[in-house]
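Results of the structural survey
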Amino acid sequence: MSREAKGGKNKAFLMPKPHSNQQEDRNIDSTLRPTAWDEYIGQEKIKHGLRVILDAAKKRKEAADHLLFSGPAGLGKTTLAYLVARDLGGIIRTTSGPAIEKTGDLAAILTNLTPNEILFIDEAHRINPMIEEVLYPAMEARKLHLVVGKGPSARTLSLDLPPFTLIAATTRENLLSQPLRSRFGATMRLGYYEPADIKKILERSAAILGIAADLDAVEILARASRGTPRVANRLLKRARDFAEVHGGGGPDGTAIDRTAALATLEMLEIDEAGLEPSDRRLLTTIIEKFNGGPVGINTLSAALAEDRGVIEDIYEPYLMTLGFLQRSSAGRVVLPAAYRHLKIKDRGELL
Ligand code: ADE
């Protein structure tokens, strides 16, 4: 393969950016989703905690306590919910906060549950407060209170629900109301994966998809994966595309080698720490327009023309993990490690 073919000049082959590729992500997820505990790599404490809860519930022949999974997108919250359901030998019914529009929608879901079923609600921070009110007695006492009629003739009907386990997932635990949060028996907070675990996930995915990748390539892709399995799997597929189109290593010349992995990242404009153009723009905006911060989130959101929720949910958690950004009461501040990474001088000083 020629140098030029691998380089950043090849913009005609620019692929969609990682955050925007949701449908493909879902397809990748379903092929690669672990279906047994020993296939699920990392998050050891959470797996252990969950299995104690599940084993105890099975011993008592009861539905397991309601569970809240929180953490950044792409870390495997849905996968865990499926593993819990499988472990309990049960069925899982999935929905999401914004999909439950009316109390009647939730009533229909709850009254259709079979005993010990798992109800999985994704994006739980987007559950409407009126729906939450219906959830409380359902979670606490397995009761569904329905108001029928209007005005003075309105009455409340109370229905018994079968035993069930609610698993709620959220990327924004702080937006969940306290009454809802307090009704979960356990909260599992998923953190970014260690590079070693991401490497194992990449190797497992490569084996399932029949992709050849050498150790150097796996290391490079793992470091750029933001500690996130979903990102790792997406980069692996993009690197496979690249090696097939432009050539790579191995006996048939299509294996992902060091050169192909680096060229893939360059093509996607992802740097070696996993930062994308939008992450770099966030940091350089704070540095250039706000003298490195502190800058309030609303001001930053306006300066970037980016939704506040996207900044808080997607960009900031990873930048904070890298020690590139700090959230203080006065606002966002870019830290020295980010200046070094971006090779920018901090207020005229050499870093
Ligand atoms: N794919 C997504 N998350 C995973 C995990 N934790 N282990 C293995 N494969 C995964």
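Residues numbered from 1 in each chain as written. Predicted model: local features only at pLDDT ≥ 70, side-chain atom pairs only at ≥ 80, totals over all residues. Heavy atoms only, no water.

Re the overall build of the protein
Using the following cut-off: What counts as a helix is a DSSP run of H or I of at least four residues, what counts as a strand is a run of E of at least two, and both are numbered from the N terminus. To sort residues, take the accessible area from a 1.4 Å probe on protein chains only and compare it with the maximum for the residue type: under 20% means buried, over 50% means exposed, and anything in between is partly exposed. Pairs of residues are marked as contacts when any of their non-hydrogen atoms sit within 4.5 Å. Surface accessibility in these figures is a Shrake-Rupley result with a 1.4 Å probe; residues are shielded only by whichever protein chains are displayed.
If you tally the helices and strands in the protein, you get 15 helices and nine strands. Split into buried and exposed, the 351 residues of the protein put 48% on the buried side. Residue pairs at least 24 apart in sequence account for 69% of intrachain contacts in the protein once pairs closer than 6 positions are excluded. As presented, the protein carries roughly 17,300 Å² of accessible surface, and 50% of it is formed by carbon and sulfur atoms.

Here we look at helix 3 (residues 44–60)
Where we set the bar: For a helix, the expected span equals 1.5 Å multiplied by the number of residues minus one. What the arc measures is the spread of directions leading from the helix axis to the C-beta atoms.
The end-to-end C-alpha distance of helix 3, which contains 17 residues, comes to 24 Å, matching closely the 24 Å that a straight helix rising 1.5 Å per residue would cover. Of all the positions in helix 3, only Ile46, Lys47, Leu50, Leu54 and Ala57 are classed as buried. Along helix 3, the residues classed as buried sweep out an arc of 100 degrees about the axis, all on the same side. Structural note: helix 3 exposes Glu44, Lys45, His48, Lys59 and Arg60 on the side pointing more than 90 degrees away from its buried face. Considering only its buried residues, helix 3 is in contact with strand 1 (67–70), helix 4 (77–87) and strand 7 (186–189). Where helix 3 terminates, the next one or two residues include Lys61, which has phi positive at roughly 55 degrees.

Examining the packing of aromatic side chains
The test is simple: A pair of aromatic rings is counted whenever rings of Phe, Tyr or Trp (Trp by its six-membered ring) have centres within 6.5 Å, and the orientation is called stacked for planes under 30 degrees apart, edge-to-face for over 60 and tilted otherwise. Should the NZ of a Lys or the CZ of an Arg lie within 6 Å of a ring centre and within 35 degrees of the ring normal, that charge is described as sitting over the ring.
By the definition in use, this model includes one aromatic pair. Between Arg183 and the ring centre of Tyr136, over which it is positioned, the NZ or CZ distance is 4.2 Å.

A look at the pairing of strand 5 (residues 155–160)
Our working rule: Strand pairing is defined by DSSP finding a minimum of two bridges between the two strands.
Buried residues are scarce in strand 5, accounting for zero of its six residues. Linking strand 4 (residues 143–148) to strand 5, which pair antiparallel, is a turn of six residues; within it Gly149 sits at a positive phi near 85 degrees.

Re the packing of helix 12 (residues 277–289) against helix 14 (residues 308–321)
Between two packed helices, the angle of one axis relative to the other and the distance separating the axes together describe the packing. We apply this condition: Lines are fitted to the C-alpha atoms to define the axes, a helix being fitted only along its stretch in contact, and any angle between axes, read from their N-to-C directions, falls within 0 to 180 degrees. Working definition: roughly parallel below 35 degrees, roughly antiparallel above 145 degrees, roughly perpendicular at 65 to 115 degrees, and oblique for all remaining angles. Any residue that is not Ala, Val, Leu, Ile, Met, Phe, Trp, Tyr, Cys, Pro, Asp, Glu, Lys or Arg is counted as polar, Gly included; the first ten are nonpolar and the last four charged.
Two elements in contact, helix 12 and helix 14, have axes separated by 11 Å at closest approach and are oriented at 80 degrees. By the angle between their axes, helix 12 is roughly perpendicular relative to helix 14. For the pair helix 12 and helix 14, contact is made by Ser278, Asp279, Leu282 and Leu283 and by Ile311, Tyr315 and Leu319, respectively. A breakdown of the residues in the contact of helix 12 with helix 14 according to their chemical character gives five nonpolar, one polar and one charged.

Topic: the site of the ligand
Inclusion rule: The cutoff for a nearby residue is simple: one of its non-hydrogen atoms must lie within 4 Å of the molecule or strand. Two N or O atoms form a polar contact when they lie within 3.5 Å of each other; inside protein one atom must be a possible hydrogen donor and the other a possible acceptor, and for residues adjacent in sequence the pair counts only when both atoms belong to side chains.
In the neighbourhood of the ligand, the contacting residues comprise Pro34, Glu39, Tyr40, Ile41, Tyr193, Ile201, Arg204 and Pro229. Between Ile41 and the ligand, the recorded distance is 2.8 Å, taken from a backbone N or O atom to a nitrogen atom. Contact distances for the ligand include 3.2 Å between a nitrogen atom and a side-chain N or O atom of Tyr193. Counted by class, the shell around the ligand contains six nonpolar, no polar and two charged residues.

Things to note about the sheet that holds strand 3 (residues 117–122)
Across the sheet, which stays open at both edges, the five strands sit in the order 2-3-6-1-7 with parallel pairing between neighbours. One side of each edge strand has no neighbouring strand; the edge strands of this open sheet are strand 2 (92–96) and strand 7. For this sheet, the mean inter-axis angle between neighbouring strands, taken without regard to orientation, is 20 degrees. Alignment of strand 3 against strand 6 (residues 164–170), held across five bridges, turns out to be parallel. Bridging across to strand 6, Phe120 finds its partner in Ile167. Contacting strand 1 and strand 7, helix 3 crosses the sheet at an angle of about 160 degrees to strand 7.

Regarding the pairing of strand 4
On a regular strand, one side chain projects to one face of the sheet and the next to the other, so that they alternate. Looking at chain direction, strand 4 and strand 5 are connected through six bridges and run antiparallel. Residue pairing in the sheet places Lys143 in a bridge with Asp160 of strand 5.

Topic: the side chain of His66
Relative to the elements of secondary structure, His66 occurs in the loop between helix 3 and strand 1. For His66, a relative accessible area of 9% puts it in the buried group. Separated by 2.9 Å, the side chain of His66 and the backbone oxygen of Met139 make a polar contact. A polar side-chain atom of His66 sits 2.8 Å from the main-chain amide nitrogen of Leu166. Dropping the residues within four chain positions of it, His66 is found in contact with Met139, Phe164, Thr165, Leu166, Arg183, Phe184, Gly185 and Ala186.

Description of the domain arrangement of the protein
Put simply, the test is: By convention here, the domain bounds are inherited from an automatic or database domain assignment. In what follows, salt bridge is the name for a side-chain nitrogen of Lys or Arg lying within 4 Å of a carboxyl oxygen of Asp or Glu.
Partitioning the protein into domains gives domain 1 (3–20 + 193–267), domain 2 (43–189) and domain 3 (277–350). On the side of domain 3, six residues touch domain 1, which itself brings five residues to the contact. Counting across the interface, domain 1 meets domain 3 through one salt bridge. A salt bridge links Asp279 to Arg226, with the shortest nitrogen-to-oxygen separation between them at 2.8 Å. At the boundary of domain 1 with domain 3, the tally comes to one residue pair in polar contact (both at pLDDT 80 or more). Classifying every residue of the side of domain 1 that touches domain 3 by side-chain character gives no nonpolar, two polar and three charged.

Observations concerning the packing of helix 10 (residues 229–246) against helix 11 (residues 258–267)
Between helix 10 and helix 11, the least distance of the axes is 9 Å, while the angle of their chain directions is 110 degrees. Of the possible angle classes, the one that applies to helix 10 and helix 11 is roughly perpendicular. From helix 10, Leu235, Arg238, Ala239, Phe242 and Ala243 reach across to helix 11, where they touch Ala260, Ala263, Thr264, Leu265 and Met267. Along the lines of polarity and charge, the residues of the contact of helix 10 with helix 11 split into eight nonpolar, one polar and one charged.

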